[in-house]
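Take a look at the letters that make up each chain.
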Amino acid sequence: MITEYQQRRREHYLAADVMPAPEPWRPVGAGGIPVGGLLGIGFAVCPDSGRDLVMVVSHDGHGLFDAVTGERIARDREPDPATSTPDADPDLSCPGLGPLAGVPVRIAGLFGGGLHRTTPDGWTLDVVSPEWPHHRVLLSADGGAHRGPVGGTWWHVFHSRYSELRAAGFSPSGLSLAVATSSDLTLWTRPEPYSDA
């Protein structure tokens, strides 16, 4: 039995349609990046450019993507079986690849772990499930209160209707946002706050 308050919150979320993320956020690419059998993701920083990178761990190996462009920059179809999934490491990490070779990357997803849910300048990300097992990803500028109508200070930016949610969150820089499901990776990016970019 749920309380009256919980029922109102459930209806509040059910009434919110999926919508684009607000400025300054912009989607990366034309939609989700297909990754069959996705198990988890982790953020890292490119040592050369300083840009956010996303490492993807799947049943088909490891991939590394530029979080700003969505471009795949490295792929390992046959990682070492001893380190191919993050559950083999107490920190839930896998060895990096490409420009991250030799650097462990913490992975959030099927085996546990998590990504940042807030940014230094006040954006918040929440995952709600008013019709479980379908998760909704909410981006907000109101600290996660989700008051008022959708599109005011909070936005329903992703709905996992067809695949299982694995992880959702911000990069440590707060400039990238990722949602990973069992079948794809969806990214948003933004310029640095107060920059002219």
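Residues numbered from 1 in each chain as written. Predicted model: local features only at pLDDT ≥ 70, side-chain atom pairs only at ≥ 80, totals over all residues. Heavy atoms only, no water.

## Regarding the state of the cysteines
Counted by the stated rule, this structure contains zero disulfides. With no disulfide of its own, Cys46 has Cys94 as its nearest cysteine by sulfur position, at a separation of 19 Å. Exposure remark for Cys94: the relative accessible area of 1% places this residue in the buried category. (Disulfide = S-S within 2.5 Å. Buried < 20%, exposed > 50% of the residue type's maximum accessible area, 1.4 Å probe, protein only.)

## Some remarks on the sheet that holds strand E5 (residues 61-66)
With antiparallel pairing, the five strands of this open sheet are ordered in space as E6-E5-E4-E3-E9. In this open sheet, the two strands that pair with only one neighbour each are strand E6 (72-76) and strand E9 (108-109). Where strand E3 (residues 38-45) meets E9, two bridges bridge the pair, whose relative direction is antiparallel. Within E9, the position partnered with Gly40 by the bridge is Gly109. (Pairing = 2+ DSSP bridges. Helix = DSSP H or I, 4+ residues; strand = E, 2+ residues; numbered from the N terminus.)

## Looking at the pairing of E3
E3 sits mainly inside the fold: seven of its eight residues count as buried. Bridging between E3 and strand E4 (residues 52-58) involves seven bridges; their strand directions are antiparallel. In the strand pairing of E4, Phe43 is matched with Val54. Between E3 and E4, which pair antiparallel in sequence order, lie six residues; one of them, Gly50, sits at a positive phi of approximately 80°.

## Overview of the nonpolar core
Grouped together as the largest cluster of nonpolar side chains are 17 residues, with contacts concentrated most on Ile41, Val54, Val56, Leu185 and Leu187. Broken down by element, this core gets its largest block of residues, three residues, from E3. When sequence neighbours within four positions are dropped, the list of residues in contact with Val56 reads Val35, Leu38, Gly40, Ile41, Gly61, His62, Gly63, Phe65 and Leu185. Residues Trp25, Leu139, Leu165 and Leu177 belong to the second largest nonpolar core, which totals 15 residues. (Core = buried A, V, L, I, M, F, W, Y, C linked by side-chain atoms within 4.5 Å. Contact = heavy atoms within 4.5 Å.)

## Quick word on the environment of Gly63
Among the structural elements, Gly63 can be located in strand E5. Relative accessible area serves as the criterion here: at 6%, Gly63 is assigned to the buried category. Each C-alpha atom, one on Gly63 and one on Ala168, is 17 Å from the other, the two residues being 105 residues apart in sequence. Filtering out sequence-adjacent residues up to four positions away, Gly63 remains in contact with Val54, Met55, Val56, Ala74, Arg75 and Leu97.

## Description of the packing of aromatic side chains
Applying the stated criterion across every chain yields a total of four aromatic pairs. Taken together, a centroid distance of 6.0 Å and an interplanar angle of 45° make the contact between Trp123 and Trp155 tilted. Within this pair, whereas Trp123 is found in the loop between E9 and strand E10 (124-131), its partner Trp155 is found in strand E12 (residues 154-159), the two being separated by 32 residues in sequence. Taken together, the ring pairs connect Trp25, Trp123, Trp155 and Phe170 into an aromatic cluster. (Phe/Tyr/Trp six-rings, centres within 6.5 Å; stacked < 30°, edge-to-face > 60°.)

## As for the environment of Arg51
Along the chain, the position of Arg51 falls in the loop between E3 and E4. Other than its neighbours up to four places away in sequence, Arg51 contacts Ala44, Val45, Cys46, Asp66, Val68 and Thr69. Within the structure, Arg51 has its side chain in polar contact with the side chain of Asp66 (distance 3.2 Å). (Polar contact = N/O pair within 3.5 Å; in protein donor to acceptor, adjacent residues only side chain to side chain.)

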